[in-house]
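Close look at the chain arrangement
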Amino acid sequence: ICHYPEPVLLSQIGEAACFCRQDRSDDDASWIIQNAFTVLSMQAGFALLEAGSVTDLNVVNIMIKNMSELGAGGALYFLFGYAFLYGGKEEDHSAFMAGAGNYALVGLT
(Lines give C-alpha, C1' and ligand atoms only; values in the text may rest on other atoms or scores of the structure.)
Protein backbone atom coordinates (compact mmCIF):
# COMPACT_ATOMS: atom_id res chain seq x y z
CA ILE A 1 0.00 0.00 0.00
CA CYS A 2 1.33 3.39 -0.95
CA HIS A 3 0.79 6.28 1.42
CA TYR A 4 1.37 9.68 -0.09
CA PRO A 5 2.98 12.29 2.16
CA GLU A 6 0.29 14.85 1.26
CA PRO A 7 -2.81 15.00 -0.94
CA VAL A 8 -1.87 14.41 -4.57
CA LEU A 9 -3.51 15.97 -7.60
CA LEU A 10 -4.04 13.84 -10.67
CA SER A 11 -1.52 15.98 -12.56
CA GLN A 12 1.14 15.02 -9.97
CA ILE A 13 0.46 11.29 -9.87
CA GLY A 14 3.67 10.42 -11.76
CA GLU A 15 5.85 12.21 -9.22
CA ALA A 16 3.97 10.65 -6.34
CA ALA A 17 4.34 7.18 -7.87
CA CYS A 18 8.13 7.64 -8.02
CA PHE A 19 8.16 8.72 -4.38
CA CYS A 20 6.02 5.75 -3.42
CA ARG A 21 8.18 3.29 -5.34
CA GLN A 22 11.30 4.43 -3.45
CA ASP A 23 9.57 4.01 -0.09
CA ARG A 24 8.40 0.54 -1.06
CA SER A 25 11.94 -0.44 -2.06
CA ASP A 26 13.28 0.64 1.34
CA ASP A 27 10.50 -1.27 3.09
CA ASP A 28 11.23 -4.37 1.01
CA ALA A 29 14.90 -4.34 2.02
CA SER A 30 14.11 -4.04 5.72
CA TRP A 31 11.48 -6.80 5.42
CA ILE A 32 13.99 -9.15 3.78
CA ILE A 33 16.64 -8.47 6.43
CA GLN A 34 14.13 -8.98 9.26
CA ASN A 35 12.93 -12.28 7.82
CA ALA A 36 16.47 -13.49 7.14
CA PHE A 37 17.23 -12.95 10.83
CA THR A 38 14.05 -14.81 11.77
CA VAL A 39 14.89 -17.80 9.58
CA LEU A 40 18.45 -18.00 10.90
CA SER A 41 17.11 -17.87 14.45
CA MET A 42 14.74 -20.72 13.66
CA GLN A 43 17.66 -22.70 12.23
CA ALA A 44 19.57 -22.30 15.50
CA GLY A 45 16.50 -23.22 17.54
CA PHE A 46 15.86 -26.33 15.49
CA ALA A 47 19.51 -27.35 15.88
CA LEU A 48 19.15 -27.12 19.66
CA LEU A 49 15.88 -29.05 19.53
CA GLU A 50 17.54 -31.84 17.53
CA ALA A 51 20.57 -31.83 19.85
CA GLY A 52 18.27 -32.36 22.82
CA SER A 53 16.55 -35.28 21.09
CA VAL A 54 19.66 -37.40 20.51
CA THR A 55 22.23 -39.05 22.74
CA ASP A 56 25.32 -37.18 23.90
CA LEU A 57 27.48 -38.98 21.33
CA ASN A 58 25.47 -37.60 18.39
CA VAL A 59 25.17 -33.95 19.42
CA VAL A 60 28.28 -32.91 17.49
CA ASN A 61 27.07 -34.78 14.41
CA ILE A 62 23.69 -33.02 14.57
CA MET A 63 25.33 -29.60 14.92
CA ILE A 64 27.64 -30.28 11.96
CA LYS A 65 24.66 -31.47 9.92
CA ASN A 66 22.74 -28.29 10.68
CA MET A 67 25.70 -26.05 9.85
CA SER A 68 26.27 -27.89 6.56
CA GLU A 69 22.55 -27.50 5.70
CA LEU A 70 22.84 -23.77 6.37
CA GLY A 71 25.92 -23.49 4.17
CA ALA A 72 24.41 -25.57 1.37
CA GLY A 73 21.20 -23.52 1.50
CA GLY A 74 23.13 -20.27 1.26
CA ALA A 75 25.24 -21.53 -1.64
CA LEU A 76 22.20 -22.82 -3.53
CA TYR A 77 20.38 -19.52 -3.02
CA PHE A 78 23.45 -17.68 -4.36
CA LEU A 79 23.60 -19.93 -7.42
CA PHE A 80 19.91 -20.36 -8.24
CA GLY A 81 17.57 -18.76 -5.70
CA TYR A 82 18.06 -15.12 -6.61
CA ALA A 83 17.70 -15.95 -10.30
CA PHE A 84 14.46 -17.83 -9.69
CA LEU A 85 13.01 -15.00 -7.62
CA TYR A 86 14.25 -11.86 -9.39
CA GLY A 87 16.11 -12.98 -12.51
CA GLY A 88 15.51 -11.64 -15.98
CA LYS A 89 14.30 -8.26 -17.12
CA GLU A 90 11.00 -6.77 -16.06
CA GLU A 91 10.00 -6.35 -19.71
CA ASP A 92 10.68 -10.03 -20.44
CA HIS A 93 7.61 -11.99 -19.39
CA SER A 94 8.63 -15.19 -21.15
CA ALA A 95 9.66 -16.98 -17.94
CA PHE A 96 6.95 -19.02 -16.28
CA MET A 97 6.88 -19.17 -12.47
CA ALA A 98 10.59 -18.37 -12.15
CA GLY A 99 13.17 -15.88 -13.31
CA ALA A 100 15.32 -16.71 -16.29
CA GLY A 101 18.57 -14.87 -15.70
CA ASN A 102 21.22 -13.62 -13.27
CA TYR A 103 22.32 -17.06 -12.08
CA ALA A 104 25.06 -16.72 -9.44
CA LEU A 105 24.33 -12.97 -9.54
CA VAL A 106 26.04 -12.66 -12.94
CA GLY A 107 25.04 -9.51 -14.78
CA LEU A 108 23.99 -7.47 -11.74
CA THR A 109 25.60 -4.11 -11.20
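Below or above, wherever it landed, is the structure these notes cover. Quantities reported herein were computed from a predicted structural model and do not represent experimental measurements. All chains use their own residue numbering, which begins from 1 and follows the written sequence. The predicted nature of this model means local features are confined to residues of pLDDT at least 70 and side-chain atom pairs, given and counted, to a pLDDT of 80 or more, with totals for whole chains, interfaces and linings taken over all residues. Each side-chain value is derived from all of the structure's non-hydrogen atoms; neither hydrogens nor water enter the calculation.

1. Quick notes on the packing of aromatic side chains
- Pairing of aromatic rings covers Phe, Tyr and Trp, the last through its six-membered ring, and needs centres within 6.5 Å; plane angles under 30 degrees mean stacked, over 60 mean edge-to-face, and all others mean tilted. Counting across every chain of the model gives three aromatic pairs.
- With a centroid separation of 6.4 Å and 25° between ring planes, the pair formed by phenylalanine 80 and phenylalanine 84 is classed as stacked. Of this pair, phenylalanine 80 and phenylalanine 84 both sit in helix 2 (residues 59-86), four residues apart, roughly one helical turn.
- Burial classes follow relative accessibility: with a 1.4 Å probe on protein chains only, a residue under 20% of its type's maximum area counts as buried, one over 50% as exposed, and anything between as partly exposed. What makes phenylalanine 84 partly exposed here is its relative accessible area of 43%.
- Aromatic side chains phenylalanine 84 and tyrosine 103 sit 6.1 Å apart centroid to centroid with 90° between the ring planes, which places their arrangement in the edge-to-face category. Here tyrosine 103 lies in the segment after helix 2 and phenylalanine 84 lies in helix 2, a separation of 19 residues in the sequence.
- With relative accessibility at 36%, the residue tyrosine 103 sits in the partly exposed group.
- Three or more aromatic residues joined by ring pairs form one cluster here, namely Phe80, Phe84 and Tyr103. Strands are runs of DSSP state E lasting at least 2 residues, helices are runs of H or I lasting at least 4, and numbering of each runs from the N terminus.

2. Some remarks on the side chain of glutamate 50
- Relative to the assigned elements, glutamate 50 resides in helix 1 (residues 13-53).
- Glutamate 50 sits in the buried class, given a relative accessible area of 17%.

3. What to know about helix 2
- Over its 28 residues, helix 2 runs 38 Å from end to end, which matches the ideal 40 Å to within 8%, given 1.5 Å per residue.
- Take the seven residues that end at a residue and the seven that start at it, fit an axis to each, and the angle between those axes is the bend at that residue. The largest bend in helix 2 is about 50°, located at tyrosine 77.
- Three or more residues of helix 2 are buried, namely Ile62, Asn66, Gly81 and Ala83. To estimate the expected span of a helix, count its residues, drop one, and scale the result by 1.5 Å.

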